Amino acid sequence: MGAVEVEWAAPVLTVTLARPDRGNTVDGTFIANLHAALDEAEERPDCRLVVLRARGPVFSAGMDVVEAAREDASGGDSADRGAAFFELLHRFTTVPRLVVCCVDGRASGGGVGLVAACDLVHSTERSVFSLPEAMWGLLPFSVLPFLVRRVGFQPAYAMTVTTLPVTAAEAVRSRLVDDLSPDPAVLVRKVTARLAKVDGTVVGDAKRYFAALHPITEETKRHAVAEFDRLAGAPRTRERFARFAATGRYPWE
């Protein structure tokens, strides 16, 4: 079963995270499906806007811990998981289409990374954002380069070390969220109307130029992946994953 659904209505490609029963968690299928959606956006010359949204009360709960535990048990490589997710986030920042993220619910862990990697973010009042990785014995290594680029050092650091949730209003103040309202369609219509007046190459040019001003490099990726692999491979972390997969109990319970 696919993790996302894609709908085309020129000039907008809408990508919906479509596994609400699993909290739209991130696994290999999720990553592959989102890459395929971005491929489609690039292949359509009249596509100007990608809208990323989710079905259900959770935008994305981040890493699929159950799947990670299964991969660990079968000898899977945590570094590969970390690298694949980092590359997906980086792709969002480089795809030559404007990406608008619409959050209506909870975004945690890697879900915050998806939000931070998008160009514009709409949120409803009921949304909440958090980085709970420290409670698993991890840190959000792949998320942080993109989150720091968006909100700055201190908000990203505070979210990481406290694990405290951030409300939608707080997310607006930190610039994680650009637009707070009940309906994302208003923002999407405004942006679509303006993009119709702009040459189709400008978004890609802008992304390349801003990437040069605030680069996320191969060295950034290597460091993030190495640190993720170090902590994800620690016996205590693997035990927490395995216990959750077997019992559904979180480490703090």
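What comes next concerns the included structure. (Residues numbered from 1 in each chain as written. Predicted model: local features only at pLDDT ≥ 70, side-chain atom pairs only at ≥ 80, totals over all residues. Heavy atoms only, no water.)

A few words on the overall build of the protein chain. Scanning the protein chain from N- to C-terminus turns up eleven helices and ten strands. In terms of overall dimensions, the protein chain is globule-like: its C-alpha atoms have a radius of gyration of 18 Å, near the 18 Å expected for 253 residues. Taken along the three principal axes of its C-alpha coordinates, the protein chain extends 55 × 40 × 35 Å. Counting across all 253 residues of the protein chain, residues that qualify as buried make up 47%. Working note: accessible area of the protein chain is about 11,900 Å², and carbon and sulfur atoms make up 56% of it. Both charge centroids of the protein chain, one from 30 positive and one from 32 negative side chains, sit 4 Å from each other. (Helix = DSSP H or I, 4+ residues; strand = E, 2+ residues; numbered from the N terminus. Rg over C-alpha atoms; globule rule 2.2 N^0.38 Å. Buried < 20%, exposed > 50% of the residue type's maximum accessible area, 1.4 Å probe, protein only. Areas by Shrake-Rupley, 256 points an atom, 1.4 Å probe, with all protein chains shown as cover. Lys, Arg positive; Asp, Glu negative; His and termini not counted. Charge placed at Lys NZ, Arg CZ, Asp CG, Glu CD.)

Between Ala10 and Pro11 the backbone carries a cis peptide bond, its omega angle lying at 5 degrees. When you line up the elements, Pro11 lands in the loop between β1 (4-9) and β2 (12-17). If you check the backbone angles, Arg175 has positive phi at about 75 degrees while not being a glycine. With respect to the helices and strands, the residue Arg175 is situated in the loop between α7 (168-174) and β10 (179-180).

With that settled, consider the layout of surface pockets. Considered as a void within the structure, the largest pocket measures approximately 800 Å³ in volume. As for the largest pocket, its lining consists of 38 residues, and the residues nearest its centre are Ala61, Gly62, Met63, Asp64 and Val65. Within the residue set of the lining of the largest pocket, elements represented by two or more residues are α1 (28-43), α2 (65-73), α3 (78-94), β6 (106-108) and α11 (235-247). In terms of residue count, α2 provides more of the lining of the largest pocket than any other element does, five residues in total. Looking at the lining of the largest pocket residue by residue, the classes come out as 22 nonpolar, eight polar and eight charged. Estimated volume of the second largest pocket: approximately 500 Å³. Every residue lining the second largest pocket is counted, 16 residues in all, and those nearest its centre are Cys118, Asp119, Arg149, Arg150 and Phe210. Sorting the residues of the lining of the second largest pocket by element identifies α4 (110-117), α5 (144-151) and α9 (202-213) as the ones contributing at least two each. Counting residues per element, the lining of the second largest pocket draws most heavily on α9, which supplies four residues. Partitioning the lining of the second largest pocket into residue classes produces eight nonpolar, two polar and six charged. (1 Å grid on protein atoms, 1.4 Å probe; cavity = no way out; pocket = protein on both sides within 12 Å on 5 of 7 lines; lining within 4 Å. Points joined across faces, edges and corners; volume = space filled by probe spheres on them. Nonpolar A, V, L, I, M, F, W, Y, C, P; charged D, E, K, R; others polar.)

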